[in-house]
Amino acid sequence: MTDPGHLVDELVTELPGWLPSQRWFAGKDRPVTAVRPLGATVLIDGDPQLLHVVVEVIQGDRQEPYQLLVGRRSHPPEIASSSWIGADGGLNFYEASGDADLTALLLDKIVAQGRVGPLVFEHEPGAELTGGLRARPITSEQSNTSLVYGGQYILKLFRKLSPGLNKDLLLHRALQTAGCEHIAEVVGSITGELAGEPTTIGMLQVYLPDAVDGWAMATTSVRDLMAESELHPEELGGDFAGEAERLGTAVAKVHADLASALGTEPVDADELDRTVKAMADRLDEVAHAVPELAEHVPALRASFDAVRELPPGSSPISMQYVHGDLHLGQVLRTVGGWLLLDFEGEPAAPVAERHALRSPLRDVAGMLRSFDYAAQQLLVGQPDDPALTERALEWARRNRAAFCEGYALGAAAPLGDPREHGELLRAFELDKAVYEVAYEHANRPDWLAVPLAAIARITHGGE
Ligand SMILES: Nc1ncnc2c1ncn2[C@@H]1O[C@H](COP(=O)(O)OP(=O)(O)O)[C@@H](O)[C@H]1O
Ligand SMILES: O=P(O)(O)O[C@H]1O[C@H](CO)[C@@H](O[C@H]2O[C@H](CO)[C@@H](O)[C@H](O)[C@H]2O)[C@H](O)[C@H]1O
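Residues numbered from 1 in each chain as written. Chains lettered and ligands numbered in written order. Predicted model: local features only at pLDDT ≥ 70, side-chain atom pairs only at ≥ 80, totals over all residues. Heavy atoms only, no water.

A closer look at helix α1 (residues 5-18)
Count 3.6 residues to each turn of an α-helix, and residues three or four apart come out pointing the same way.
Point 1. If you check α1, its first and last C-alpha atoms are 20 Å apart, about what 14 residues at 1.5 Å a residue would give, namely 20 Å.
Point 2. Maximum bend of α1: about 30°, positioned at Val12, with proline Pro16 one to four residues after it.
Point 3. For α1, the full list of buried residues reads Leu7, Val8, Leu11, Val12, Leu15 and Trp18.
Point 4. Of the surrounding elements, those touching the buried residues of α1 are β1 (34-44), β2 (49-59), β3 (62-73), β4 (84-88) and β5 (91-95). (Helix = DSSP H or I, 4+ residues; strand = E, 2+ residues; numbered from the N terminus. Expected span 1.5 Å × (residues − 1). Bend = angle between axes of the 7 residues up to and from the residue. Buried < 20%, exposed > 50% of the residue type's maximum accessible area, 1.4 Å probe, protein only. Contact = heavy atoms within 4.5 Å.)

Written out as structure tokens, the structure reads:
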């Protein structure tokens, strides 16, 4: 077996310049100071060669591990130019997730089960898989890299790694065991090693080729509304409210299954204090980075403090595992109904925070924010038009209400209709909007107006 040492040395010298150009790299807010190899496994030897590499990316006082698939060969494959990293011994090396000749091996290893160095390939008990399929990376915006094998399976390679079992896999397995119908079936996984701990690096699920994501469906409905200036949302052929209601029921059922599979914890006054403190801390941090938020800080702080004033025991909602970053882009409409995807939580949150038990109202708040986004997105960058803004708000109101009604139908007692917990729900929505301010500031500055407008509206008593 070729010693990968030289290639890895070359790789880490190129990575500081190359990483920031990758969509999935989460550290674009500051320069990469250095990259240190943590491990390299040869998966295919010779020409071509395939390596699995784990590196530590150092950005000042921040150090985070990432995984890469690295290909090296004399005949260049047809891959995106952004995948080329450098050259070693006359051979070019590149990020290999787009090289179907090489990635076919990952599925085949899961089908066969077994170990290569520290990497363990497994399928789920009872899963019957077909190998020999070629993969293509999906093209949608994502924080990880997913490969679709022959339209049958989708393998998500987690980019930023945290030691241990990934929350996405943990929750999918728990929901599957509970018989939940609202997830895509998990059929396999790849485990590596990080800080001496077995660590999830990949998750294989059944791929649903005919599914449409919630964001695409909702924004189509909004586009219909904007084109039909005489009609109200409920009069539209493309009215989304029926889907929003079914989506609410699906989310409530997932929450109920997560609670029964992984348990709950009661909410006490200390917990409410911690919640408010976390929201206030996030507000301070984001306001420091985004000056546009400054004028809203006092009203936001008052909304968060109001949660602390809630009478003890007034919130009957227990803490439990939740999705953590629920929005319309994380749900798929299949012929059989709605599925929820990607249970990792907010990409920027530290792993301990992602695993913390939370109120399920946070997911409800995330989805309510998403209805606002879907309604407003066509207006981004357009001159102010109060009539169009009102139509967008009307669409959002209708679908937010339908979602909550659907949630009440599927919710286990005592949660019921989320709107019954108005004060808390409002605080969670505002907290999510503060997160979005940071997200848009860092990723899509043109969209910053969407969460800022929502903050202004909600803190002035609107929906
Ligand atoms: N089982 C599936 N069937 C069809 N499409 C899927 C499936 N799982 C994920 N996708 C598509 O892949 C995209 C990214 O998946 P996701 O798990 O959200 O990745 P990330 O964590 O990187 O954001 C989704 O928005 C969806 O369009
Ligand atoms: O899907 P990710 O886990 O990467 O989530 C991040 O990106 C989302 C955008 O792609 C971002 O979502 C925000 O924009 C959506 C519209 O594009 C909207 O539906 C969401 O409500 C809004 O929060 C998400 O916040 C971020 O974590």
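Describing the sheet that holds β4
Point 1. Taken in spatial order, the 5 strands make up an open sheet running β1-β2-β3-β5-β4, and their pairing is antiparallel. Since the sheet does not close on itself, it has two edges, and those belong to β1 and β4, each with one partner. Adjacent strand axes in the sheet meet at a mean angle of 30°, parallel and antiparallel pairs treated alike.
Point 2. Where β2 lies against β3, 11 bridges are found, and the strand directions are antiparallel. Looking across to β3, one finds that Leu50 is bridged to Gly71.
Point 3. This element, α1, spans β1, β2, β3, β4 and β5 of the sheet and lies at about 145° to β4.
Point 4. Contacting β1, β2, β3 and β5, helix α2 (residues 100-112) runs over the sheet at an angle of about 115° to β3. (Pairing = 2+ DSSP bridges. Axes fitted to C-alpha atoms, helices over the stretch in contact; angles between N-to-C directions.)

Examining the packing of helix α9 (residues 361-376) against helix α11 (residues 422-443)
Point 1. As a packed pair, α9 and α11 sit with axes 8 Å apart at the nearest point and diverge in direction by 60°. One element, α9, and the other, α11, form an angle in the oblique class. Relative to α11, α9 is oriented so that their crossing is right-handed. Where α9 abuts α11, its residues Leu361, Arg362, Val364, Ala365, Gly366, Leu368, Arg369 and Tyr373 lie against Leu424, Leu425, Phe428, Glu429, Asp431, Lys432, Ala433, Glu436 and Glu440.
Point 2. A class-by-class count of the residues in the contact of α9 with α11 yields 9 nonpolar, 1 polar and 7 charged. (Parallel < 35°, antiparallel > 145°, perpendicular 65-115°, else oblique. Left-handed = near helix turned anticlockwise from the far one by under 90°. Nonpolar A, V, L, I, M, F, W, Y, C, P; charged D, E, K, R; others polar.)

Remarks on the nonpolar core
Point 1. Judged by nonpolar contacts, the single largest core of 69 residues is most densely connected at Leu293 and Trp395.
Point 2. Each of domain 2 (104-206) and domain 3 (212-459) contributes no fewer than three residues to this core.
Point 3. Not counting residues up to four positions away in its chain, the partners in contact with Trp395 are Ala218, Ser221, Val222, Leu225, Pro233, Phe240, Phe371, Ala374 and Ala375. (Core = buried A, V, L, I, M, F, W, Y, C linked by side-chain atoms within 4.5 Å. Domains from an automatic or database assignment.)

Focus on the pattern of salt bridges
Point 1. Counting across every chain of the model gives 33 salt bridges.
Point 2. The shortest N-O distance in the salt bridge between Lys156 and Asp168 comes to 2.9 Å. Of this pair, Lys156 sits in strand β10 (residues 153-157) while Asp168 is found in helix α3 (residues 167-177), placing the two residues 12 residues apart along the sequence.
Point 3. Residue classification places Lys156 among the buried residues on the basis of a relative accessible area of 11%. (Salt bridge = Lys/Arg side-chain N within 4 Å of Asp/Glu carboxyl O.)

Describing the site of ligand 1
Point 1. The full set close to ligand 1 counts 16 residues, and Gln142, Asn144, Lys156, Val206 and Asp342 are the nearest of them.
Point 2. In the environment of ligand 1, a nitrogen atom lies 2.9 Å from a nitrogen or oxygen atom belonging to the backbone of Leu208.
Point 3. In this structure, Asp342 approaches ligand 1 through a side-chain N or O atom, which is 2.8 Å from an oxygen atom.
Point 4. For ligand 1, whose free accessible area comes to 560 Å², the fraction covered by protein is 89%.
Point 5. Split into classes, the residues belonging to the shell around ligand 1 amount to 8 nonpolar, 6 polar and 2 charged.
Point 6. When residues of the shell around ligand 1 are assigned to domains, at least three fall in each of domain 2 (104-206) and domain 3 (212-459). (Near = heavy atom within 4 Å. Polar contact = N/O pair within 3.5 Å; in protein donor to acceptor, adjacent residues only side chain to side chain. Areas by Shrake-Rupley, 256 points an atom, 1.4 Å probe, with all protein chains shown as cover.)

What about the site of ligand 2?
Point 1. Contacts to ligand 2 come from 13 residues, most closely from Ser370, Tyr435, Glu436, Tyr439 and Arg444.
Point 2. A distance of 2.6 Å is found between an oxygen atom of ligand 2 and a side-chain nitrogen or oxygen belonging to Ser370.
Point 3. Between ligand 2 and Tyr435 there is a distance of 2.5 Å, counted from an oxygen atom to a side-chain nitrogen or oxygen.
Point 4. When contributions to the shell around ligand 2 are tallied by element, the ones reaching two or more residues are α9 and α11.
Point 5. With 3 residues, the single largest contributor to the shell around ligand 2 is α11.
Point 6. Tallied by class, residues from the shell around ligand 2 come to 5 nonpolar, 4 polar and 4 charged.

Looking at the sheet that holds β10
Point 1. The 7 strands lie next to each other as β6-β7-β11-β12-β10-β9-β8, forming an open sheet whose pairing is antiparallel. The open sheet is flanked by β6 (114-116) and β8 (135-137), the only strands paired with a single partner. For this sheet, the mean inter-axis angle between neighbouring strands, taken without regard to orientation, is 25°.
Point 2. Examined bridge by bridge, strand β11 (residues 186-194) and strand β12 (residues 197-206) share 8 bridges and lie antiparallel to one another. By the bridge assignment for β12, Gly188 is matched with Leu204.

What about the confidence of the model for the protein?
Low-pLDDT stretches of the model should not have their predicted coordinates read in fine detail.
Point 1. On average, the protein scores 93 in pLDDT, and the residues at 70 or more come to 98%.
Point 2. Overall fold confidence (pTM) sits at 0.93, and the ipTM for the predicted complex is 0.97. (pLDDT = per-residue confidence, 0-100.)

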